[in-house]
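As a plain string of letters, each chain reads:
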Amino acid sequence: MAEKNGFDNIQLAQWLQQVLATPPGQVQTQIDSLRDEGELAGNYHPQFYTQLPNFAMALLKNEPYVILRYAPLIYHLIGCRTCHTAYLEIYDAMKAAIQPDIPAIEVEEDEQMHSMVNVPVRMVELLCELLIDQAGALLRQGRHEHTDNDVRARALLQQAIYISLHIKQNNMRQHALRNLVEVASLADTTPDPIEQNPAAHSYASLVGSGNGSRNARAWRGVHTLERPDSQQVIYLQSGRLSGAITQHEDTLELHLVDLDKELRGRYITISVLLGTLLEPVRWLGGNPRAIRSQSPVAADGSLTTSLGKTELHLGKAEDRYLLETLFKKLDVRPAD
Amino acid sequence: MLFSAHNLRYHIEDCYSSFCSFLQRRAKFYLRQLAHDSMEVDEVVDHIIEQLTRLGLIGARDNEPPTLLEQLTDAQFLAFLNRSIKNKAIDRLRKKRLQISPAADLESYGEVEEEKDPFEDKVETAWSKPPFATPEEAALEAAKNTLLFVLLKECIRLLGNAPHQLLALEQEFEELGVEELVQFMHKEFDAQLTNVEPDHMSQHKDHAHKKLRICLQGSSNNLRVLVALRLSQYAQRVTKTGEISVSIRQLMKDTQGKQDLSDQEVKRALEYLVSRGLLNWQGEEIVRFSSAQAKRIARYYEKDDEQ
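Residues numbered from 1 in each chain as written. Chains lettered and ligands numbered in written order. Predicted model: local features only at pLDDT ≥ 70, side-chain atom pairs only at ≥ 80, totals over all residues.

For the rest of this paragraph, the subject is the domain arrangement of chain A. Split into domains, chain A comes out as domain 1 (14-22 + 40-97), domain 2 (117-185) and domain 3 (191-334). A class-by-class count of the residues in the side of domain 1 of chain A that touches domain 2 of chain A yields 3 nonpolar, 2 polar and no charged. (Domains from an automatic or database assignment. Nonpolar A, V, L, I, M, F, W, Y, C, P; charged D, E, K, R; others polar.)

Moving on, we get to helix H13 (residues 263-275) of chain B. Residues and elements named next belong to chain B. Taking 1.5 Å as the rise per residue, H13 with 13 residues should run 18 Å; its terminal C-alpha atoms sit 18 Å apart, in good agreement. Listing the buried residues of H13 in full gives Val266, Ala269, Leu270 and Leu273. Summarising the axial view, the buried residues of H13 lie within an arc of 100°, below the 170-degree limit, and thus occupy one face. Relative to its buried face, H13 has exposed residues pointing more than 90 degrees away, namely Gln264 and Ser275. For H13, the secondary structure elements touched by its buried residues are helix H11 (220-234), helix H12 (248-251) and strand E3 (286-289). One or two steps after H13, the chain reaches Gly277, where phi turns positive at roughly 75°. (Helix = DSSP H or I, 4+ residues; strand = E, 2+ residues; numbered from the N terminus. Expected span 1.5 Å × (residues − 1). Buried ≥ 20, exposed ≤ 12 C-beta atoms within 10 Å, placed from the backbone. Arc of directions from axis to C-beta. Contact = placed C-beta atoms within 7 Å.)

This next bit is on the packing of helix H3 (residues 38-54) of chain B against helix H4 (residues 74-95) of chain B. Residue and element names in this part refer to chain B. Here H3 crosses H4 at 135°, and the two axes come no closer than 9 Å. Considering the angle they form, H3 stands oblique to H4. Seen along the crossing, H3 lies across H4 with a hand that is right-handed. For the pair H3 and H4, contact is made by Glu40, Glu43, Val44, His47, Ile48 and Gln51 and by Leu81, Ser84, Ile85, Lys88, Ala89 and Arg92, respectively. For the contact of H3 with H4, the class distribution of residues is 5 nonpolar, 3 polar and 4 charged. (Axes fitted to C-alpha atoms, helices over the stretch in contact; angles between N-to-C directions. Parallel < 35°, antiparallel > 145°, perpendicular 65-115°, else oblique. Left-handed = near helix turned anticlockwise from the far one by under 90°.)

Attention shifts here to the environment of Leu78 of chain B. Tracing the backbone through its elements, the reader meets Leu78 of chain B in helix H4. C-alpha separation for the pair Leu78 of chain B and Phe3 of chain B, spaced 75 residues apart in sequence, amounts to 9.6 Å.

Okay, the nonpolar core next. Counting residues in hydrophobic clusters, the biggest one holds 178 residues, and the most contacted among them are Leu16, Ile74, Leu157 and Ala160 of chain A together with Phe80 and Ala142 of chain B. In terms of residues, this core owes the most to one element, helix H9 (residues 121-145) of chain A, which gives 12 residues. Once residues within four sequence positions are removed from consideration, Ala142 of chain B is found in contact with Ala13, Leu16, Ile74, Tyr75 and Ile78 of chain A together with Leu148 of chain B. (Core = buried A, V, L, I, M, F, W, Y, C linked by C-beta atoms within 7 Å.)

All names here are of chain A. The contact between helix H10 (residues 150-164) and helix H12 (residues 180-187) brings their axes to 10 Å, and the two run at 160°. Relative to H12, H10 is oriented roughly antiparallel. Regarding H10 and H12, the two cross each other, and that crossing is left-handed. Contact with H10, carried on its side by Asp150, Ala153, Arg154, Leu157 and Ala160, involves Leu180, Val183, Ala184 and Ala187 of H12 and no other residues of that element. By residue class, the composition of the contact of H10 with H12 is 7 nonpolar, no polar and 2 charged.

Once that is clear, we can look at the interface of chain B and chain A. Residue-level contacts link 80 residues of chain B with 79 residues of chain A. Looking at the side of chain B that touches chain A, its residues break down into 34 nonpolar, 25 polar and 21 charged.

So, on to helix H10 (residues 201-217) of chain B. Over its 17 residues, H10 of chain B runs 24 Å from end to end, which matches the ideal 24 Å to within 8%, given 1.5 Å per residue. Among all positions in H10 of chain B, only His204, Ala208, His209, Leu212, Arg213, Cys215, Leu216 and Gln217 of chain B are buried.

Set out below in structure tokens:
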């Protein structure tokens, strides 16, 4: 048969673009919907994006069978504008980098600072967001392709949390980690069997809780205890319900009040979503997703129970930030 | 700590400060009229940090495979960053419709680098401009490149058990007038296409497209063709009967001797070629095949012009 003519090629190329276009349903996810419009915008595909420097270099060096070796990536670039744009940028920058006479670019004295203390808070916040974003992209990819990217994603989330400790401003630290719970939930494909039941209450830590009226109200609810220094408490809230976490020596204690009548007289199971992500706490029972209360909920709806032991100290700023992050989501449900 | 690709991967907290300072200084330099607009500087700086995070470099430690960025010298890596910053800055200037003048303006900032026209950079490649410069060009290349076309046919073959989807594709190719693929469908799937009722074709077409998309962007199909190609290229005749042999170790390397396939990838590809009746390999380290098989293997990756 004769070679395909140019018309055939154009028709086929247009058809390929249609076939390979990223389906709209695939790009929108739970996380995307949480992102601000225009901020960190753009759907991208980590499995292809990460190949771009090697692909660009292979093209620049005219490596043998580069087209065949990178065929899946080429087919992807046909259908994904975001990755294609990145390809062009990286190709051009790689081309500039491997020129024989690259100009010397000096790194100035003040660019040799050593500490994150010198980094503008906005830049630290950006880094946290990007690491969480990358973790989310890996988890979405894993879901879509049925591959296990959990270890890689968890490492990025851990790194984001530890980097966020450099942000002293509570609201900015909160903003930097605002997608953390949602992304961590994406990794949570096989929750503890007991978590198949819906949570009775889902609490979130009130970060930066000083002596504000909201926290004062929260603490008034936890009336059975002497009020400690506010810096020694992490306040929790679930709708109109309040709670708190305090520390006695190395033991973390959970205090809940006004729990539903259905829960009274029953043991409850406590699930700390991010408990498996960070490991500074030796959880009671060993599983942060299924901590059984040490006693049943009292007749007045209150409960005080140990969560586990830790070397961290709520009174120390960085430790406190870490624990506040850890308790960004705490669910309770009946144990039986 | 001074930043480098290695430090960005393993010691991000120690070098992030110097990295950000460098990006900001270079962004201001290239943004020229916009240098005092902190939002614009942020746009450029954020873009670079975002890109390096997406590439699996920043903070990735050992959780992501190394990229060639880490094989660049420190000077080359700086040049890579510098160019990336410059391109993004030009993009911002264009968006603001500000005049982008060449090197002369840049020199007024007291910098000595980049005196020459930025667009004069030359690296000898097979292409005078970036290959696959637009998605449309990439699609056109896929349509006319022999090997990419072979991959497309291989993916269509995977629909062999779905006659309705095959019929939907055949109808599409007929409507498009892509004669070669119409003939390919007739030759390969004549039996499957006989007596298929053309119901719900739109739905079958969507399913077929989805399968093709997954197949074309999957990494197994191209590796099979690559291994078949190497079997022919690296083959050595070992007996008077004309038996041919290639080792798996050889198949793992490109023509320049650089390993680019894993042992498992090669074995998976060989297993597929066995399943297609092209080889009799049973897991040995040396793959042996006859001249007749060699011809069939060669036809596997060559565009079939005999139809």
